[in-house]
Structure formats: C-alpha cells, structure tokens
Amino acid sequence: MCGIVGYIGKKEVKDILVDGLRELEYRGYDSAGIAVLQDDEIKSYKAVGKLKNLEDKTKDFASDGLAMGIGHTRWATHGKPTELNAHPHLGEFSYVVHNGIIENYQELKSSLQKDGVKFLSQTDTEVIVHLFEKNYKELNDPMSAFEKTIDTLHGAYAVLLITKVDPEKIYFAKHGSPMIVGNDDKGDIHFGSSDAALIGKATEVIYLDDGDYGYTSQEGISIFFDKEKKALNKRALTGDKISAQKGGFRFFMEKEIYEQGEVLSDTIIGRVLDEKINFEELHESFFDGIDEIKICACGTSYNSGLACAYLFERQAKIKTVVEIASEFRYKEPLMTKNTLFVVISQSGETADTLEALKMAKRAGLKTLAICNVDNSSIVRLADHTILARAGIEKGVASTKAFATQVMAMWMLSIYVAQIKNTMSKDEIKSELNAMRHIPNAVIVSDKLHEKIKRLSKRYLHGHGFFFIGRDMFFPLALEGALKLKEISYLHAEGYPAGEMKHGPIALADSELFTIALMPKTLHYDKVKSNVEELSARDSTILAISPLEFELADDFIKTTHCEHPMSEFFEMMVITQLLALEVSVRLGNDVDMPRNLAKSVTVE
Ligand code: F6R
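Sequence order as written defines residue numbering, which begins from 1 separately in each chain. With the structure being a predicted model, the display of local features is reserved for residues of pLDDT at least 70 and the display and counting of side-chain atom pairs for 80 or more, all residues being used for whole-chain, interface and lining totals. Only hydrogens and water are removed before side-chain values are computed, so all heavy atoms of the structure are retained for them.

S.K.: Got a minute to help me understand the site of the ligand in this structure?
M.R.: By nearness alone, 14 residues border the ligand, and Ser-301, Ser-345, Gln-346, Ser-347 and Thr-350 come closest of all. With respect to the ligand, the backbone of Thr-300 contributes an N or O atom lying 3.1 Å from an oxygen atom. Under the rule applied, a polar contact is a pair of N or O atoms within 3.5 Å (in protein, one hydrogen donor and one hydrogen acceptor; residues adjacent in sequence only if both atoms are side-chain atoms). Within the backbone of Gln-346, an N or O atom sits 2.7 Å from an oxygen atom of the ligand. Numbering of helices and strands runs from the N terminus; a helix is a DSSP stretch of H or I covering at least four residues, while a strand is a stretch of E covering at least two. When residues in the shell around the ligand are grouped by element, the largest group, 3 residues, is from helix H9 (residues 299-315). Across the shell around the ligand, the residue classes break down as 4 nonpolar, 8 polar and 2 charged. One heavy atom within 4 Å of a molecule or strand makes the whole residue count as near it. Classification used: nonpolar for Ala, Val, Leu, Ile, Met, Phe, Trp, Tyr, Cys and Pro, charged for Asp, Glu, Lys and Arg, polar for all others including Gly.

Take a look at the structure:
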C-alpha cells in the first residue's frame, strides 16, 4: 500500500526522500514520486514501477542548502498505475501526497470542476490540492485554508502538502492513516507513514493521533487538534532497524497480530464501496461461463480457503471445492472449463501451489490468485490476482496474511454474488457494513492480551489440544491448532465440533484441552451441546464466546457479535495470541520456529 515521506533540512532532499521510500517498499507500490521546494520553486518527478525508475529520472537533480520535499509510493486504488495518477499531485502552486481514501471526492471534484478547476488525474487525492488552493484564494492564509480543507474531507487520510505561498512549511494532517513526524539532533524535520522510513534519520518522533494537523518548518513542529495547539509528545526513536521494525513488540508475530486492523483496512480500501464490491483487477466478464470454484492452497492459506468456501456457497451460491495443493497435484484431478481455479498463497512461491496452478493453466481453466506478494511466481502466472495487502509478513507463523486472505475472499464472494444476483441490495449493503467494522473487531485490548498471558500458564502440558468449531469456525479451529503446533510444538488438532463423538472424544480426560469456538451468530446451541459432551468426559474446556458458558474451566468473552464474520475475526485474534503466549512461556523462538521456513519452495 502507499507510503509517505517528507523532509525539511540542509541534506540532499532527493536522497533522503528516496531512501525513506525504499524503506516503505515492502508495503508494495506501483509508482512513486517526489516534489522538492527550494528558493520558491517546486520540482516534481514521478515514475511508474520501481523506485529505480524514479532515481533514473532524478539523477541530474540535487538540492543545495535548505530545502524541503515530500515523497510517495502509490498503490493504485482510484485510477490505474500511471504517471499522471502517481503522487505528488499538483495544483497551480502547491503539491500534495496522500495515503488513505477520500470518500466524498466525487462530490468535491464535481463542485471544483463547476468552478472551472481542471483535473489531471483519476485519483481522489487531487481534490485535496485544488480545494486547498481554492480556500487559500478565499482566505489568503495558508493555515486557515489547510484547516478548512481537511474539515471538508471525509474518509481516511494522511496528507502532506507544500505550497509556494508558504515556502518554509510542510502542512500535514492525519485521520485514519498512520503518520509520524520527527526531528534529528540538528533539527531537520522528517515525516514517514511508518517509522521504518525514519530509522537512522530522526532521533525523536511523534506518532500523530487521528484528528491531528499542523505544519513544520525549520523552527519546529506545530500540532493542532480541534483548532487547539497540542503539546508535543516526543519519543526517542531507536536507530536499531530490527528492534524498530518490531515497533516495540517482542516478536514480529506479535506485531503482526496487532497490526491486523491496519492491514485489513488496507485490504478493503477502494474495494468496499457504498453499495458494492469493486475489484479494479477484475472484470465481471471473467466469471462468464463459471459455475464452480476450485480453491487450492497449503497450510494457513488452505485454511483460509476452506473458511471462505462456506461463503462462496452460502452467499454466491456457487459450488466450491477446496483442495490441499500437494494432494491435488498427484490425484489426476478432473478439471472442467466451467471451473474457476483459485490459488491462495502468502508468499506466491509455494512449490505445490504453483505447480497446481500450472496444471490448471495447462488444462485451460481460468485462474485467479489471492496473494500477498506482487510479482511473485504465482502472481505472474495467474490470469488475475487479488493482492491481499498484508504487507511483509516476517513471523514464520502466518497471522495477518490469513486475516487478509479471508477478507479478500469474503469480498470476492460478494463480488460473485453481485454478478450472479444471488443477494439482494440490502443483504449486500449489510455485508459491506460488516466488512467496514472488521478492523475494529481485531483490535487487541491490553485487558484481553493480559488475560490470555495469564491463562496460557494452564495450557503448557497435558496430552493434546482440540480446537473445535462448526461451519466457518471449523477451518478457524484448524488454523488455531496449526498456529499452536507451529510455535509451541504441542500437539493440537482442529476438528468440526459435531465430529468429536465419532472417535476423538475417546481421548477426552482432564489432560485433554478443548478450545471451543462458540459464536453466538452461527449454530451456538449445536456447538454448545458438543462442548457439553466433552465437559461430561472431564476435558478441560477453554470456551471463547460472547455468551457465558458455565461448564467452561476458562472463559474468554468476546464482544463483537453483530455478524458471524466479526465473531470469526475476533476469535481468530484470540487463538493467535493464545499460541503466542503458550510459545513464549515454553521459551520457544516465536518468529523462527524449528523446522519451518517462511516460503516453502520445495515439494
Ligand atoms: C503457517 C504457514 C504455512 C503456510 C504454507 C503456505 O503459519 O505459514 O502453513 O501457510 O506454507 O504458504 P503460502 O501461503 O506462502 O503459499
């Protein structure tokens, strides 16, 4: 997703900006640009593709003495990845970079166009710079014009703006998208949409809050909230890249669990619209002649596929089969042209999944990848790709990639439902509304994390774990068990709750731990009676549910139960944290568990 940098100081501005953008490359982008203001003149450069292209374009440019600049890597949401759509966007005398989405941009754009403003790009961002200039012409004061501009914007944004009418300042605003401002010990000012861009540059930083805006100059940083000036809450920024990349967390896995709200917002941005799902990367006609979906993947990605198969059948009314890629390869599978072949992969390099995709292509099937790594082998091979937008996942045990895969496929199931007319407008709207709430459902509260930390000490021994659930919560149980196995090395299985009585219940005794996923919105009574059966055989029960369950030995109460998917995502976080805390207590290497690799490029 997009990245922002900014700088005021005497060092070579271009180098600082490009270097900062390089640190944000991992978030993915398809174009990049910078604008540098010096001696009342603004120079701007943009290039499609990798930063190397931008460097080539700027090779003859260098700032000299005090100057300032803003830079951006863009991940296309509104409009194609072209140079015109790349940031910074210019007006007559100002430039802007922006992350996020301006929800009311159409209405703002039409009104500006009526006033005669010409737009060069298809982006939502461009309205910001024109609006600022319009307000400046009315108010003749840059700060009031900026304030009025951001008051008019709806949606999520982190914005930097430079303007010739106030050539010593960078204006900034943050609402819903991250933005950090800092300084080094010489007083030079640095901006970044993630601290990765500031490490080694700024020594002190301020993590801006939603609603913060203001300006910076060589004189310092001024932050406002609700028109009141705020005290500066500066924190030291470590110069150690690895620990800074962990953002204060003990492990990458922990950080990745915590950042799921942010990456899920990235996954839905520009795709979950007011009344429909929109995938720029797909065309409805791609689904012509398709009446079956086959999903193929490995490990966690397989579990996400299994979960979403329920959605494809329930919502899009399309037959969906999920297969483990390593099995699919050698079973001489029947492949018919009415089948859309979907592969899911975090890395895009998993050998078994890649080979399954090649087989489907050879059989002439339409293919679609749900993948987190652009330009990976799987992305290059599939007909189309929906990028999961989880950002780089460093923990070997996958967490945020799983979350974004499920979200991407939930959106896809609604997209197919739109095409096939299997849901009413109201039903679709209510799904879209539920999607917008998911980033909240995955927020980790201190209370929850503390509770799981405490509980974990009771789950270190015993002879095994059964994670159980029904419907979509069965694949979530599989995923919960896989997480625990991977990093705690304890034996864990995921099982459909209703299937326990057909064999596994023989294992039940007080040393068997049952992690029961008991959502309120999906088959609660059925799961409850399955858990009662286990409790009657003395299994130790950890129930996860919004409804009190008196037979539980331990109980984690969930709070988001307005929709099965909000329950799903909230329970997902709880199982991830449980695996993490059990592993920590056992003294294991959470980020690099034994015997496992992040990308499995062998059979
Ligand atoms: C589990 C995990 C693995 C991967 C599997 C597929 O935490 O990371 O099970 O999910 O190796 O990898 P990708 O998704 O890269 O194809």
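S.K.: I would appreciate a short explanation of the sheet that holds strand S22 (residues 492-496) in the present structure.
M.R.: Two pairing modes exist for strands in a sheet, parallel and antiparallel, and in both the strands are linked by backbone hydrogen bonds. Taken together, 5 strands build an open sheet; the order of strands is S22-S21-S23-S24-S25 and the sheet is parallel. The strands lining the two open edges of the sheet, one partner per strand, are S22 and strand S25 (554-557). Mean inter-strand twist for the sheet, computed between neighbouring axes without regard to direction, equals 15°. Strand pairing is assigned whenever DSSP identifies at least 2 bridges connecting the two strands. Judged from the 5 bridges that link them, strand S21 (residues 464-469) and S22 form a sheet pairing that is parallel. Opposite Ile-468, over in S22, you have Tyr-495 as the bridge partner. Note on geometry: axes are C-alpha line fits, over the in-contact stretch for helices, and angles between N-to-C directions span 0 to 180 degrees.

S.K.: Is there a simple way to explain the domain arrangement of the protein chain in this structure?
M.R.: You'll often see interface size given as the accessible area lost when the parts meet. All the domain ranges listed were derived from an automatic or database domain assignment. Structurally, the protein chain comprises domain 1 (3-242), domain 2 (246-442) and domain 3 (444-591). Inter-centroid distance (C-alpha atoms) of domain 1 to domain 2 is 32 Å. Whether two residues are in contact is decided by their heavy atoms, any of which lying within 4.5 Å being enough. Taken residue by residue, the interface counts 11 residues in domain 1 and 13 residues in domain 2. What counts as buried area is the accessible surface, traced by a 1.4 Å probe, that two parts surrender upon association, with contributions from both included. Taken over both partners, the interface formed by domain 1 and domain 2 buries close to 1,100 Å², and the fraction arising from carbon and sulfur atoms is 56%. Remark: the boundary between domain 1 and domain 2 carries 0 residue pairs in polar contact (both at pLDDT 80 or more). When grouped by side-chain class, the residues that make up the side of domain 1 that touches domain 2 number 6 nonpolar, 3 polar and 2 charged.

S.K.: For this particular structure, what's the right way to read the sheet that holds strand S13 (residues 220-225)?
M.R.: Taking strand neighbours across the sheet as the criterion, the 7 strands line up as S5-S6-S7-S8-S12-S13-S14 in an open arrangement whose pairing is antiparallel. Where the open sheet ends on each side, the last strands, each with one partner, are strand S5 (89-90) and strand S14 (228-229). Strand direction decides the pairing type here: strand S6 (residues 94-102) and strand S7 (residues 155-163), joined by 9 bridges, are antiparallel. Along S7, the bridge assignment pairs Asn-99 with Ala-158. Along the sheet, helix H5 (residues 142-152) contacts S7, strand S8 (170-175), strand S12 (213-217) and S13; its crossing angle with S12, the most-contacted strand, is approximately 145°.

S.K.: Hey, could you run me through the packing of helix H3 (residues 105-114) against helix H4 (residues 126-139) in this one?
M.R.: With their axes 10 Å apart at the nearest point, H3 and H4 run at an angle of 45° to one another. Taken together, H3 and H4 sit at an angle that is classed as oblique. Crossing hand, H3 versus H4: left-handed. Contacts between H3 and H4 pair Tyr-105, Leu-108, Lys-109 and Leu-112 from the former with Val-127, His-130, Leu-131 and Lys-134 from the latter. A breakdown of the residues in the contact of H3 with H4 according to their chemical character gives 5 nonpolar, 1 polar and 2 charged. Between 65 and 115 degrees an angle is taken as roughly perpendicular, under 35 as roughly parallel, over 145 as roughly antiparallel, and anywhere else as oblique. Take the far helix as the reference: if the near one is turned anticlockwise from it by less than a right angle, the crossing is left-handed, and if turned clockwise, right-handed.

S.K.: Just checking my understanding: could you explain the pattern of salt bridges for this structure?
M.R.: Side chains that differ in charge, positive against negative, can pair when their charged atoms come close. Here, a salt bridge means any Lys or Arg side-chain nitrogen found within 4 Å of an Asp or Glu carboxyl oxygen. Using the criterion set out here, one finds 34 salt bridges in the structure. Of the charged contacts, one joins Lys-11 and Asp-188 as a salt bridge, the two residues approaching to 3.8 Å between their closest N and O atoms. Linking Lys-11 in the loop between strand S1 (3-9) and helix H1 (13-23) with Asp-188 in the loop between strand S9 (180-183) and strand S10 (189-192), this pair joins segments that are 177 residues apart in sequence. The buried label goes to any residue with under 20% of its type's maximum accessible area, the exposed label to any with over 50%, and the partly exposed label to all in between, with areas taken from a 1.4 Å probe on protein chains only. Residue classification places Lys-11 among the partly exposed positions, given a relative accessible area of 37%. Since its relative accessible area comes to 6%, Asp-188 is described here as buried. Its salt-bridge partner being Arg-458, residue Asp-554 comes within 2.7 Å of it at the nearest N-O pair.

S.K.: Quick question: what am I supposed to make of the environment of Asp-383 here?
M.R.: Here Asp-383 is to be found in the loop between helix H12 (377-381) and strand S20 (384-387). On a C-alpha basis, the gap between Asp-383 and His-98 in space is 31 Å, while along the polypeptide they are 285 residues apart. If we skip the residues at most four places from it in the chain, Asp-383 touches Phe-286, Lys-361, Leu-365, Lys-366 and Thr-367. At 2.8 Å, the side chain of Asp-383 forms a polar contact with the side chain of Lys-361. A polar contact is formed between the side chain of Asp-383 and the backbone nitrogen of Thr-367, at a distance of 2.8 Å.

S.K.: What is the right way to look at H9 in this model?
M.R.: Turn by turn, an α-helix covers 3.6 residues, leaving residues three or four places apart pointing in a common direction. For a helix, the expected span equals 1.5 Å multiplied by the residue count minus one. Over its 17 residues, H9 runs 25 Å from end to end, which matches the ideal 24 Å to within 8%, given 1.5 Å per residue. Judged by how many residues are buried, H9 sits mostly within the fold: 13 of 17 residues are covered.

S.K.: Looking at this structure, I do not really get the pairing of strand S17 (residues 319-324). What am I missing?
M.R.: Looking along a regular strand, one sees side chains alternate from face to face of the sheet. By the bridge criterion, 6 bridges tie strand S16 (residues 292-297) to S17 in an arrangement that is parallel. Bridged to Ile-293 within S17 is Thr-320. When the strands point away from the viewer, a crossover counts as right-handed if the route from the first strand across the helix to the second turns clockwise. Running through H9, the crossover from S16 to the neighbouring parallel element S17 is right-handed.

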